[in-house]
Amino acid sequence: MRESSQHPPSHLPQAAALADHARQARQWQLTDLFRQDASRAARFTLEAAGLCLDFSKNHVTEQTVALLTEFAQARGVETLRDAMFRGERINLSEQRAVLHTALRMPPDARLMVDGEELVDEIQRGLRRMESFAQQVRHGQWKGYTGREITDVVNIGIGGSDLGPAMTCAAMRHYSHPRLRFHFLSNVDGHATVATLAALDPATTLFIISSKSFTTQETMLNAHAARRWFLAHGKEKDLAAHFVAVSTNTSAVTAFGIAADNMFPFRDWVGGRFSIWSSIGLSLLVAIGADHFRAFLAGAHAMDEHFQHAPLHSNLPVMLALIAFWYREYFGTSSQLIAPYHEDLRHFPAYLQQLEMESNGKSVTRKGEPTPMKTSAVIWGSTGTNNQHAYFQMLHQGSDLIPVDFIAALKPHHDLIDQQRALLANCFAQAEALMNGVQDASLPTHRLFPGNRPSTMLLMDQLTPASLGALIALYEHKTFVLGALWDINSFDQWGVELGKTMALRILVELEGSESAGQHDSSTNALIARARSALK
Ligand code: F6P
């Protein structure tokens with residue numbers, strides 16, 4: 001296994017001990033760790049908020065956990081966590097609080113931030129959303145011809161799309177049978193045309209979701225939807241078919257959506273943490289108020305666990321420490337997410353934004369270069385399809401890739417033989433990665449090195465509550481990693497440069513002549529596109 005070239009700041013006493021310990025850990029065989037300790041599985045399994053995390057098939061011992069948690073303490077993980085929950089402005093570059101956790105506090109809780117009580121306001125907003133969702137679900141919200149809504153289209157991108165799209169797919173068994181949900185995110189007109197072609201304007205409701213209400217992709221899609229609708233309905237009918245979710249009231253009004261049809265949220269909700277806010281409106285319409293509240297409660301249960309469980313028995317902390325351990329000391333550069341549940345098929349993409357937009361940074365909270373490698377590449381797809389695609393590389397490739405297996409024990413169907421086969425495959429992959437095959441009588445292409453780590457995350461069933469807990473688990477994992485790396489996980493300046501340059505190039509693609517002020521490659525690309533689109 002390759003050694004990482006960078007290590008935690010050497011001024012921390014724990015850094016030297018961790019580096020020493022890691023030198024030994026890289027020699028361990030996972031199978032030996034199991035042989036030496038009959039209770040290893042129990043010792044390295046944690047449960048909270050309906051989730052069970054078995055991290056025993058990782059290169060860790062109790063000493064590893066002790067050293068890593070000491071390091072986490074020295075990095076101030078608990079102090080930063082408490083500051084986040086209190087509403088301090090821990091998003092330094094934007095001078096904002098980070099309070100998505102407040103959105104899932106119970107209605108009778110209280111949270112004072114800067115002299116303002118937030119829970120009442122949050123609950124008022126939630127009740128407005130619930131009343132709207134109920135009207136759509138019960139067929140009381142009518143389209144312009146008096147018919148009930150059959151199709152809901154969420155137009156948004158990034159956090160304003162990935163959360164709604166992922167959760168609506170995950171919660172399909174709880175979804176209203178009359179309603180179909182569509183998600184339009186890409187600025188690619190192929191997607192826009194294909195989505196609209198399948199819809200009837202008289203029974204379609206558009207939810208324009210954008211925190212800023214200025215995002216190019218969302219605005220172009222929203223205007224395309226508006227034009228499409230106006231080819232059938234009239235301006236006065238727009239109110240029955242367009243609602244907005246945003247923090248930007250003036251931009252929403254300018255688009256032509258009245259304040260009554262706007263569901264606001266506050267700037268302390270980051271895009272990739274926003275599914276709990278009014279960005280979750282399409283999910284709420286899909287599953288109804290009781291299930292949505294169960295979803296919030298599942299996340300809140302994980303928040304409580306994260307705040308109060310000691311670091312060594314804290315699920316999000318442990319998930320983060322394991323990720324940190326491999327990234328820093330085993331030279332890994334990617335992390336595979338393997339849900340063995342087809343309804344979680346969008347979860348890896350959701351986590352890509354959550355982890356990589358949060359922790360793909362190279363400066364510390366003070367603006368200095370990070371001494372450590374930060375976010376790994378997050379990727380993955382559902383099992384068992386993944387096994388017939390890229391698992392070859394996990395088993396016999398040259399890179400070490402830690403895997404998070406995610407499974408629900410009980411299905412929402414009665415094909416129990418298939419559920420058994422699904423779980424058998426999931427558990428077998430984890431065992432095979434660990435055991436490998438070392439047999440001198442076999443040709444080398446039949447050998448498996450084994451000793452490859454994985455973490456198993458189990459839930460009883462994929463319900464609103466367990467989904468809420470699962471998302472909150474990874475949110476807090478992301479937060480802890482950011483704290484360990486001393487980076488601000490809550491801004492995303494890295495997205496800005498490409499956005500600005502795209503606007504400049506767009507002017508050249510629209511105008512009568514190209515400025516020709518780019519490098520020769522970009523100039524030639526622009527010229528080709530201009531002539532193709534003439
Ligand atoms: O990709 C950058 C980003 O700002 C994300 O953080 C955000 O989720 C997405 O764009 C969408 O932004 P908005 O909700 O403002 O349209």
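Before reading further, recall that the structure is shown in the block above.
Residues numbered from 1 in each chain as written. Predicted model: local features only at pLDDT ≥ 70, side-chain atom pairs only at ≥ 80, totals over all residues. Heavy atoms only, no water.

Asks: Quick question: what am I supposed to make of the environment of A169 here?
Replies: Turning to its location among the elements, A169 is positioned in helix α7 (residues 159–170). Excluding anything up to four places from it in sequence, A169 contacts D343, R345 and H346. (Helix = DSSP H or I, 4+ residues; strand = E, 2+ residues; numbered from the N terminus. Contact = heavy atoms within 4.5 Å.)

Asks: Can you help me understand the site of the ligand in this one?
Replies: Neighbouring residues of the ligand: 13 residues in total, closest S160, S210, S212, T215 and E357. One of the side-chain N or O atoms of S160 is found 2.6 Å from an oxygen atom in the ligand. Contact distances for the ligand include 2.5 Å between an oxygen atom and a side-chain N or O atom of T215. Burial of the ligand by the protein amounts to 88% of the accessible area it has alone, namely 400 Å². One can see that the ligand is located within the largest pocket. Secondary structure elements with two or more residues in the shell around the ligand: α7 and α13 (347–359). A per-class count over the shell around the ligand returns 2 nonpolar, 9 polar and 2 charged. (Near = heavy atom within 4 Å. Polar contact = N/O pair within 3.5 Å; in protein donor to acceptor, adjacent residues only side chain to side chain. Areas by Shrake-Rupley, 256 points an atom, 1.4 Å probe, with all protein chains shown as cover. 1 Å grid on protein atoms, 1.4 Å probe; cavity = no way out; pocket = protein on both sides within 12 Å on 5 of 7 lines; lining within 4 Å. Sits in = over half its atoms within 2 Å of the grid points. Nonpolar A, V, L, I, M, F, W, Y, C, P; charged D, E, K, R; others polar.)

Asks: Explain helix α16 (residues 464–485) to me, please; I cannot follow it from the model alone.
Replies: Structural remark: α-helix, 3.6 residues per turn; residues separated by three or four positions point the same way. Compared with the 32 Å implied by 1.5 Å per residue over 22 residues, the 32 Å span of α16 between its first and last C-alpha is a close match. Where burial is concerned, most of α16 is hidden: 21 out of the 22 residues are buried. Just beyond α16, the residue with positive phi is D486, at close to 60 degrees. (Expected span 1.5 Å × (residues − 1). Buried < 20%, exposed > 50% of the residue type's maximum accessible area, 1.4 Å probe, protein only.)

Asks: Which parts of the structure should I look at to understand the nonpolar core?
Replies: Burial of nonpolar side chains together is a common tendency in soluble globular proteins. Counting 122 residues, the largest nonpolar core has W325, F347, L467, L470 and Y474 as its most contacted members. Ranked by residues supplied to this core, first place goes to α16 with 13 residues. If you count residues domain by domain, this core takes at least three from each of domain 1 (33–74 + 309–436 + 447–485) and domain 2 (100–285). If we ignore the near neighbours within four places in the chain, the residues touching Y474 are L319, I337, F347, L351, L354, E355, D404, I406 and L457. Judged by nonpolar contacts, the second largest core, of 21 residues, contains I155, L199, F206 and F229. (Core = buried A, V, L, I, M, F, W, Y, C linked by side-chain atoms within 4.5 Å. Domains from an automatic or database assignment.)

Asks: When you look at the layout of surface pockets in this model, what are you seeing that I'm missing?
Replies: In this structure, the largest pocket spans a volume of roughly 950 Å³. In terms of lining residues, the largest pocket is bounded by 36 residues, among which S212, T215, Q492, E496 and K499 are the most central. When contributions to the lining of the largest pocket are tallied by element, the ones reaching two or more residues are α7, α9 (216–230), α13 and α17 (496–510). Among the elements that line the lining of the largest pocket, the one with the most residues is α17, at 5 residues. (Points joined across faces, edges and corners; volume = space filled by probe spheres on them.)

Asks: Honestly, the environment of I378 in this entry has me stumped. Any pointers?
Replies: Its place among the elements puts I378 in strand β11 (residues 377–380). The class for I378 is buried, based on a relative accessible area of 1%. Linking I378 and H445, residues 67 residues apart in sequence, is a C-alpha distance of 28 Å. For I378, the contacting residues outside a window of four places in its chain are Q335, I337, P348, L351, Q352, E355 and M356.

Asks: In this structure, what is going on with helix α5 (residues 77–86)? I would like to understand it.
Replies: All of the buried residues along α5 are V77, L80, R81, A83, M84 and F85. Residues of α5 that are buried sit in contact with α4 (62–74), α11 (281–308) and α16. Phi turns positive, to about 90 degrees, at G87, one or two residues after α5.

Asks: Help me understand the pattern of salt bridges, please; the structure alone is not making it clear to me.
Replies: Opposite charge on two side chains lets them pair, provided their charged atoms get close. Inspection of every chain in the model, using the stated rule, returns 26 salt bridges. A salt bridge links R81 to D82; the nearest nitrogen and oxygen atoms lie 3.0 Å apart. Judged by relative accessible area, which is 7%, R81 ranks as buried. Between D114 and R89 there is a salt bridge; the shortest N-O distance is 3.2 Å. With D114 in the loop between β3 (112–113) and β4 (116–117) and R89 in the loop between α5 and β3, this residue pair connects regions lying 25 residues apart in the sequence. Judged by its relative accessible area of 64%, D114 falls in the exposed class. Taken together, the shared-partner salt bridges connect D37, R43 and E62 into one network. (Salt bridge = Lys/Arg side-chain N within 4 Å of Asp/Glu carboxyl O.)

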